[in-house]
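# Results of the structural survey
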Amino acid sequence: MITALAAPRAEPSSRSQPRARPRPTRAPAPAVAFFRSNGQTGPLDHDASSKCRVAESLARLLGHEFVGELDLAHPPTGSLYLVPTDTLPTLAEAQRLGINRADQLFGGVVPQPFVATKVISHPLVQPGACSLPGWSAAYGDQVRDAVLPGYSVFSAEDARLAAERLFQGGGVRLKDPAGVGGVGQWVIESLDELDARLAEIGPQRLMQHGLVLERNLNQVVTHSVGQVVVGAHVASYFGTQGLTRNHRGHEVYGGSQLTVCRGGFDALLKQPLEPDVCTAVEQALVFHKATASCFPGFFASRCNYDVAQGLDDDGRPLSGVLEQSWRIGGASGAEAAALHAFAANPTLRRVQASTCEVYDDAFTLPRGAWLLYDGPDNQGGRLVKYAQVTPDVDA
């Protein structure tokens, strides 16, 4: 009987066998996230909802994934482009969120919280007056001709001295530096009125946040001047804001009409500008450059400056920057629409872009408009927000 022998075990070859190369690990896709930096949670209100829509459009512009709201407990693993609702108030807060450069966010970062408020718009009433840590005396000197006559104060004594000086030229407007859209502003014509307001504000809040006193204007036109940089896409603009009435009959922000050109502020200055618009752009640029010069650590990819032009009580024309915005705002729908138009047509140099907010239960969206929000306002009535963009026939 023949017994079958087992086949011998093959010996390893002395010649090394090629090893399979490991598949390269694909880097996580860059992501864009919306961030409610004011700490709010829960369902988005109409303001946050419309801004979240803008953030989603910026993701498309960049070719990134949109991940919705930022989840701080589980942030994206790849590079992140952030769209916060507010200016990030310190460099430490920005770094906590992974933001170190202007190309990582739509908005801005300031070294101290007060730099993002109206309080930087004016100098102190006198050398050595009360101020906040990080205050820059040089800033007030640099922007003096780009703002209305006024002062920033942090004590009742300084407020009274500032008011006495300003009363010599007419009425005075008091401003809460953190107020938005005209909220927290009062026109006063006497020291008694000032004292009453100071009593309401209280010394602690005055010392911590300050108060702005500036020349009150009549027949005011407010110009918007701005610049946006998203990746390789850069645009700058001038325009005006409009008011409308909400369902309770109150005057509120109604939208912005912008003329947007491709490129930065230098490109905007080369446009054929009316004299009043040219003044507004030049003053906004002074304000913009002074901030970068006097507050180290400041950077922004979205800059918007409101410039008021009107008459004082003696009929003299005045022009000056009222406030700055280094965060996504009411005009950002128009800004994003313009950037998309420029990206789609490289030959396009200038467009007309607008946002509109309508409180009307029977409103019909115009053809070609980009819907940002259609739902209840804070009182439950219908609110529609949309943006539109058209080529500028005069470009």
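Residues numbered from 1 in each chain as written. Predicted model: local features only at pLDDT ≥ 70, side-chain atom pairs only at ≥ 80, totals over all residues. Heavy atoms only, no water.

### What to know about the overall build of the protein
Cut-off, in case you're wondering: For the purposes of this entry, the term helix denotes a DSSP run of H or I that reaches at least four residues, the term strand denotes a run of E that reaches at least two, and both are numbered from the N terminus. Each radius of gyration reported is based on C-alpha atoms, and the globular scaling rule is 2.2 Å times the count of residues to the power 0.38. Here the term buried applies to any residue with accessible area under 20% of the maximum for its type, exposed to any over 50%, and partly exposed to those in between, with areas from a 1.4 Å probe on protein chains only. Note on definitions: a residue-residue contact is assigned when non-hydrogen atoms from the two residues lie within 4.5 Å. Exposure was quantified through the Shrake-Rupley algorithm and a 1.4 Å probe, taking into account, for residues, occlusion by the shown protein chains and nothing else. Only four residue types enter the tally: Lys and Arg on the positive side, Asp and Glu on the negative side, with His and both chain ends excluded. For charged residues, the charge sits on one atom: NZ in Lys, CZ in Arg, CG in Asp, CD in Glu.
Along its length, the protein carries nine helices and 17 strands. Over its C-alpha trace the protein gives a radius of gyration of 27 Å, far above what one expects of a compact globule, namely 21 Å for 395 residues. Overall, the C-alpha framework of the protein stretches about 130 × 50 × 45 Å when taken along its three principal axes. Expressed as a percentage of the 395 residues in the protein, the buried residues total 48%. Contacts in the protein between residues at least 24 apart in sequence constitute 67% of all its contacts with a sequence separation of at least 6. Total accessible area on the protein is roughly 20,100 Å²; 52% of this is exposed by carbon and sulfur atoms. Computed over 34 positive and 40 negative side-chain charges, the separation of the two mean positions in the protein equals 12 Å.

### Some thoughts on the packing of aromatic side chains
Convention followed: Note on aromatic contacts: the rings of Phe and Tyr and the six-membered ring of Trp form a pair at centre separations within 6.5 Å, being stacked when their planes are under 30 degrees apart, edge-to-face when over 60 apart, and tilted otherwise.
Using the criterion set out here, one finds nine aromatic pairs in the structure. With a centroid separation of 5.8 Å and 25° between ring planes, the pair formed by Phe-114 and Trp-135 is classed as stacked. Placement of the pair is Phe-114 in the loop between β4 (108–109) and α3 (137–143) and Trp-135 in the loop between β4 and α3, with a sequence separation of 21 residues. With a relative accessible area of 8%, Phe-114 lands in the buried category. Owing to a relative accessible area of 17%, Trp-135 belongs among the buried residues under this scheme. Aromatic side chains Tyr-139 and Phe-287 sit 5.7 Å apart centroid to centroid with 85° between the ring planes, which places their arrangement in the edge-to-face category. Residue Tyr-139 is found in helix α3, and its partner Phe-287 is found in helix α8 (residues 275–294); the two are separated by 148 residues along the sequence. Pair check on accessibility: Tyr-139 and Phe-287 agree, each one buried. Ring pairs connect the aromatic residues Phe-114, Trp-135, Tyr-139, Phe-154, Phe-287, Phe-295, Phe-298, Tyr-305 and Trp-326, which therefore count as one cluster.

### Some points on the pairing of strand β13 (residues 302–311)
How we decide: We treat two strands as partners when DSSP finds at least two bridges between them.
In terms of burial, β13 is largely enclosed, as nine of its ten residues are buried. Taken together, the nine bridges between strand β9 (residues 218–230) and β13 define a ladder with antiparallel strand orientation. Residue pairing in the sheet places Val-225 in a bridge with Tyr-305 of β13. Examined bridge by bridge, β13 and strand β14 (residues 317–325) share eight bridges and lie antiparallel to one another. Across the sheet, residue Tyr-305 finds its bridge partner in β14, namely Gln-324.

### Let's talk about the nonpolar core
Going by this rule: The term nonpolar core refers to a set of buried residues drawn from Ala, Val, Leu, Ile, Met, Phe, Trp, Tyr and Cys, joined through side-chain atoms within 4.5 Å.
Within the largest apolar cluster, 50 residues are counted, with the highest numbers of intra-cluster contacts made by Ile-120 and Leu-213. If you tally residues by element for this core, the top one is α8, at eight residues. With residues up to four places along the chain from it excluded, the contact list for Leu-213 reads Pro-149, Gly-150, Tyr-151, Val-153, Ala-159, Ala-162, Ala-163, Leu-166, Val-172, Arg-173, Leu-174 and Leu-194. The next biggest cluster of nonpolar side chains, apart from the first, holds 33 residues, and it includes Phe-34, Leu-58, Ala-59 and Trp-370.

### Topic: unusual backbone geometry
The phi angle at Gln-219 is positive, at roughly 55°, despite the residue not being glycine. Checked against the element boundaries, Gln-219 lands in strand β9.

### Re the layout of surface pockets
Using the following cut-off: Residues are called lining when one of their atoms sits within 4 Å of a cavity or pocket point, these points coming from a 1 Å grid over the protein atoms alone, where a cavity is a set in which a 1.4 Å probe fits but cannot get out and a pocket is an open set with protein on both sides within 12 Å along at least five of seven lines. Grid points are joined across faces, edges and corners, and a volume is the space filled by probe spheres set on the points. Each residue receives one of three labels: charged for Asp, Glu, Lys and Arg, nonpolar for Ala, Val, Leu, Ile, Met, Phe, Trp, Tyr, Cys and Pro, and polar for the others, Gly being one of them.
Of the pockets and cavities examined, the second largest pocket occupies roughly 240 Å³. Considering the residues around the second largest pocket, the lining is formed by 17 residues, among which Gly-78, Ser-79, Leu-80, Leu-97 and Gly-98 are closest to the centre. When grouped by side-chain class, the residues that make up the lining of the second largest pocket number ten nonpolar, five polar and two charged.

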